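Observations on chain architecture
The residues making up each chain are set out below.
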Number of protein chains: 4
Amino acid sequence: MTNKKIKAGIIGGSGFTGLELLKILSKHNYVEISFVTSRTFKESAVSDIFPVFKDYDKEKLIYIGKPEEEDLKNTDILFLCLPPLESMKFLKGIWNGYNFKIIDIGSDFRIKDPVSFKKWYGSEHISKNKLSSFVYGLTELNKEKIKESSYVANPGCYPVSILLALAPVLKSNMEVKDIYIDSKSGVSGAGRKLADEYLFTNLDNNFYAYSAVGHRHIGEVEQEIKNIGGREIKVSFTPHIMALSRGIFTTIYCKLDGIFKKDGAEEKIFNMFNEFYEKKPFVKFLGSKIPQIKNVAGTNMCMIGANIDQRTGTLKIFSAIDNLLKGAAGQAVQNMNIMMGFEETEGLKLNGFF
Amino acid sequence: MTNKKIKAGIIGGSGFTGLELLKILSKHNYVEISFVTSRTFKESAVSDIFPVFKDYDKEKLIYIGKPEEEDLKNTDILFLCLPPLESMKFLKGIWNGYNFKIIDIGSDFRIKDPVSFKKWYGSEHISKNKLSSFVYGLTELNKEKIKESSYVANPGCYPVSILLALAPVLKSNMEVKDIYIDSKSGVSGAGRKLADEYLFTNLDNNFYAYSAVGHRHIGEVEQEIKNIGGREIKVSFTPHIMALSRGIFTTIYCKLDGIFKKDGAEEKIFNMFNEFYEKKPFVKFLGSKIPQIKNVAGTNMCMIGANIDQRTGTLKIFSAIDNLLKGAAGQAVQNMNIMMGFEETEGLKLNGFF
Amino acid sequence: MTNKKIKAGIIGGSGFTGLELLKILSKHNYVEISFVTSRTFKESAVSDIFPVFKDYDKEKLIYIGKPEEEDLKNTDILFLCLPPLESMKFLKGIWNGYNFKIIDIGSDFRIKDPVSFKKWYGSEHISKNKLSSFVYGLTELNKEKIKESSYVANPGCYPVSILLALAPVLKSNMEVKDIYIDSKSGVSGAGRKLADEYLFTNLDNNFYAYSAVGHRHIGEVEQEIKNIGGREIKVSFTPHIMALSRGIFTTIYCKLDGIFKKDGAEEKIFNMFNEFYEKKPFVKFLGSKIPQIKNVAGTNMCMIGANIDQRTGTLKIFSAIDNLLKGAAGQAVQNMNIMMGFEETEGLKLNGFF
Amino acid sequence: MTNKKIKAGIIGGSGFTGLELLKILSKHNYVEISFVTSRTFKESAVSDIFPVFKDYDKEKLIYIGKPEEEDLKNTDILFLCLPPLESMKFLKGIWNGYNFKIIDIGSDFRIKDPVSFKKWYGSEHISKNKLSSFVYGLTELNKEKIKESSYVANPGCYPVSILLALAPVLKSNMEVKDIYIDSKSGVSGAGRKLADEYLFTNLDNNFYAYSAVGHRHIGEVEQEIKNIGGREIKVSFTPHIMALSRGIFTTIYCKLDGIFKKDGAEEKIFNMFNEFYEKKPFVKFLGSKIPQIKNVAGTNMCMIGANIDQRTGTLKIFSAIDNLLKGAAGQAVQNMNIMMGFEETEGLKLNGFF
């Protein structure tokens, strides 16, 4: 750990994820912001656009439209908070000539197989040769690789809630037949899109499923299921939108065989989860207690619970995260901490909303 | 249809369901309220306790503690809005000697098998011989029986949202392997319980699963699955609580075989739903469009959509209802209309909240 | 009252007010819809755009872009639900040649003085000579005039909540010095505008004042204060936005003189309110009990309470309405009922949301 | 500033304020918790009761029922988070014999005049002789006194939002005639009371005024108005409850004389506010821009805006705070920082919820 602060640049610093990232990095003991971009608000002070930043924005950080060469040279780590297909375009021209590490919070470098990428994102990848350079940045699963890596693809918000819940089962020798995943997300998951469906009057008191067939995060989830457990399992995934701003709650139904017949199945499964997560600062396994959004909103925590339904041979796993933190900006800073040799929890001890 | 209004008595008229029932019956063209009970508010005027009733409560309806014999004699139809195990106690003493019809909105007469009742409700049924006299009151499925019946057991709120979504599939010759049911309910589903977990500060911005193993409504759902389709299927059911007052959204995952391989599977399934519901005034099938809570809140409607996930061989069915109306009081009035020979929609053309 | 239904045309039937109007008129015993316009949704079925209409839309009402001459000829009453400055433009070409009555739910014909109109709306009125033909449609104050009138200017949502609360005081001989009005509105008051500030993520958990100086409704309020009590009083008015969809809560501080020194002030003031409203079906005075949004949401009611603060010589008056009903569409139907000789409450016995 | 951490004890650490205090102190660089009490949860681990504490509760802090003498001896600063009349009872027995400083977040030592105390709190004060030892802990106004003091009475949540908004005006030579204060609070302001009115179903989509005459915070506000400006002004105050968890928005109407006639009134007033607050880290004056709850929720900030209504001679001042932070626990830590010689913002750089 060095005495000097590293310099972080942020591409896309006015969306929900960019703002959370900016908040965390602004108070991080070993980071200073080298620049932050926003097409919409360029040349405005961050704290004029978002008054909540008046709290700690001493130097009146100003949004720039895009970074100059000097900005990039002056950067140790680059965070990208861009919509699908935008990160690869931005990086296209700047792969060479700079020394910064990269954390892409966007979705362009998560899927490693270009054919799969095209299937789920509908476009050809324009930097296929870079795909394998990016480590899939779910710290709890890939910490060692992240430590060695210069490029990290931060996972999607739903996949974080799904893969952390499934990992201990996938790593075990339990036989998993089918997996049904029913996720519920707060509205901020959609970003700050100006569309009729995101108006207050359309969402207040409302709830519904969307993209019930073929949501893009499936590709990422199935890839990592294979990476974690060596098995190919097709998952049935349904995202829903909840009338609240932040949080994802995921309910997973695993059809299992064998283990339920034996005595002590619950104890065995709970031990498995406890061992898997006991040393991980940002994941807590609650046993049969079911987590709640309010346990994690405003924090970088993932909380997990599990129930065994003997009647139907189903293992139900429940997970809760804050989609903008453990599902995006917090996860990214956790990865940065690992890449830079800082303590994993630095800057991430957050008070939460409840 | 007679010129004279029938007289309706309400046992338990200050809970959420009782209030909605009172609202509907107060404006029903062919009903007058003979009495309404409330232990908590006895001797108070309904409109003093619940100012929303000032709108139309001309005669200052007064809550009574319990009905006198004359009240009961003067009643054509009795509605019970009581917690589990209470309806059967109330009715114990009055099976004989009165001529009224009964609609039990409580849960005591839904399950027909006393062994199953004991399993799900934890108590011996005290009027086992009456169980078979009650028709299961899901109008869309049992209209003819309800027409002939004096006693109706109104279905539970979750089961309404589940069984209406599943019925066309169960009635068909499609081979259903597994059924996973993920339901999300508004807070009013829990009734007006004074418990820490129902405080605003605990539910606002929150979401979670509860009773993930062994929720009582499973017994009722599996019984009716068998009645509808002649098949024994064990369902895996998880209820969740949403931070909103009214509405249930149910997502069902049906693992199917065969049909998905053929061309035209979607058309065939959609036709099946359309035919099943085209003449039913309170169920609308939306095809592949997913219903929303806001489409049904404040109405007696159930809206249903379906998506076919070819990748995993899963039929996803989505349904939305207002838990207090189609899931309770509205469903009860629909049953009353059928039992009394009124038009099915009488009193139930409601404006909705959106 | 005639056996034949009257024909109502709606200009602007896809905004919040238009939809509520459509809902009420669809179930009104003496009305049928002759046409309904929507620029956005023309040629679509109302129930395809807004599934909640599937409930009762038997004949698949279709939005038209604008009415043909035959549509207008075939109309007994025309409702306009248009933004400021739009009603006068629409009516410009059709003042002559048609026999329909008009209820303008927009704001163009409320202010009678063209100079004042220009001051508050920033534009010259283009039909000044018609201003005096429109009766200010607050039924509780102008019922007799409305009965005789062909043209009614429906009041603004804030003014309804303010003027009903103030009327008994203004009509009395109490000496009012200053009036401070602090109103809080649900989000639907802004209409269905696609603007960043109305996104769910900007309003959820939020609250703030807006247009704190010079809100347009002040002109209308001060005009009617003069009409009611013959006094010119300038009011200080601040609107606020609440994170909920429907309802207005208004808190009024009246600096009074004299009466507070005397014994029995409260009784005198309460009697004054009770007498003023005892025969009005849609206004309830609750005495010192403070009304709540939940008492009125989803109904055409206005509930009013009053507290006397002896320490500061202030009469505090509280009122609650549903901004889309008593503050817009419900009020309009109430006016129509009076103009057409129907019972005042016809079509307006609504269940409310709580 | 010392290298050694000070030891803080918390009386009442399971209410909303106690929890926020615990969160802040747990991460404060110069504090460790010596003990925390809770009658309800004694002998339970904080993080078992409130899972959000799993994040950073390394040593499994356990609630105790009440502190032993050794606990108190081992404490440098004592925080009391108790309901009205409880702090004075707790302190009764322990005024002597201990060296800790005290910050009472309760309401017992705010009002200095025992007669006034009895008027507003309905009980005789049991430690009248201690009243003058407590400095009124609104840091922005009494920083120098707080620095020298051992006992601080933390201000009430409404008074913080009111007095910070009024202070620059009261300190000026502007002639203030009347002050009307309309405050709106989130539900957490009421604490975690198990009462029907605080159930989710009663508050969701609701809004109303309460305690419209004689709210206890008036006594405190009028006392401090006199302390700040040397003037006796009676204020008319109305608190309201909003359907959200955290935040207070206060709208103040000041009837002024003179200044409005002159040119440059706005500039003069804005300069006055800017000068008053430019060096205060936790208060931001936004000029004519109106603050919003979302600008401050989850932070220790107070944001203030002002509008001048020339038509009525009214200065409108708007302020927004988080009631549990700047209105309670955050304010208390700010005071502790001053009393202990730490940097004022230590432990209080919070990310906020938006």
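Our structure's up above, just so we're on the same page.
1. Some details on the packing of aromatic side chains
- As enumerated under the stated definition, the model contains 76 aromatic pairs over all chains in all.
- Aromatic pair F273(A) and F285(A): ring centres 4.7 Å apart, planes at 15°, arrangement stacked. Of this pair, F273(A) sits in helix α10 (residues 265-277) while F285(A) sits in strand β11 (residues 283-285), and the two are twelve residues apart along the sequence. Accessibility assignment for this pair places F273(A) and F285(A) in one class, buried.
- An aromatic cluster is defined as three or more aromatic residues linked by ring pairs; in this entry it consists of F207(A), F249(A), F318(A), F207(B), F249(B) and F318(B).
- Of note, R192(C) hangs over the ring of F16(C), and the distance from its end group to the ring centre comes to 4.7 Å.

2. Describing helix α1 (residues 16-27) of chain B
- With twelve residues, α1(B) ought to run about 16 Å at 1.5 Å a step, and its terminal C-alpha atoms sit 17 Å apart, in line with that.
- Summarising burial for α1(B): ten of the twelve residues are buried, a large majority.
- Looking at the buried side of α1(B), the elements it contacts are β1 (6-11), β2 (31-36), α2 (46-49), β3 (77-80) and α12 (329-340) of chain B together with α8 (200-203) of chain D.

3. Describing the relation of the copies chain B and chain A
- For the pair chain B and chain A, the best superposition has an RMSD of 0.0 Å and corresponds to a rotation of 180° with a translation of 0.0 Å parallel to the axis. These values place the two chain copies in the arrangement generated by a two-fold rotation axis.
- By residue overlap, the copies meet face to face through one surface: 100% of the interface positions of chain B are interface positions in chain A.

4. A short note on the interface of chain D and chain C
- Contact with chain D, which involves 46 residues of that partner, is made by 46 residues of chain C.
- Summed over both partners, the interface of chain D with chain C buries about 3700 Å², with 53% contributed by carbon and sulfur atoms.
- Across the pair D178(D) and K255(C) runs a salt bridge, and its minimum N-O distance is 3.2 Å.
- Our count for the contact surface shared by chain D and chain C stands at 34 residue pairs in polar contact (both at pLDDT 80 or more).
- Considering each element in turn, the side of chain D that touches chain C owes the most residues, six residues, to strand β9 (residues 235-242) of chain D.
- Here the residues of the side of chain D that touches chain C are counted per class, giving 22 nonpolar, twelve polar and twelve charged.

5. A word on unusual backbone geometry
- Positive phi values are uncommon outside glycine, yet E43(B) reaches one of about 75°.
- Judged by relative accessible area, which is 68%, E43(B) ranks as exposed.
- Positioned with a positive phi, N205(C) is a non-glycine residue whose angle comes to about 65°.
- Tracing the sequence through the fold places N205(C) in the loop between α8 (200-203) and β8 (207-209).

Calculation rules
- Residues numbered from 1 in each chain as written.
- Chains lettered and ligands numbered in written order.
- Predicted model: local features only at pLDDT ≥ 70, side-chain atom pairs only at ≥ 80, totals over all residues.
- Heavy atoms only, no water.
- Phe/Tyr/Trp six-rings, centres within 6.5 Å; stacked < 30°, edge-to-face > 60°.
- Helix = DSSP H or I, 4+ residues; strand = E, 2+ residues; numbered from the N terminus.
- Buried < 20%, exposed > 50% of the residue type's maximum accessible area, 1.4 Å probe, protein only.
- Lys NZ or Arg CZ within 6 Å of the ring centre and 35° of its normal.
- Expected span 1.5 Å × (residues − 1).
- Contact = heavy atoms within 4.5 Å.
- Least-squares fit on C-alpha atoms with pLDDT ≥ 70 in both.
- Buried area = accessible area lost by both parts, 1.4 Å probe.
- Salt bridge = Lys/Arg side-chain N within 4 Å of Asp/Glu carboxyl O.
- Polar contact = N/O pair within 3.5 Å; in protein donor to acceptor, adjacent residues only side chain to side chain.
- Nonpolar A, V, L, I, M, F, W, Y, C, P; charged D, E, K, R; others polar.

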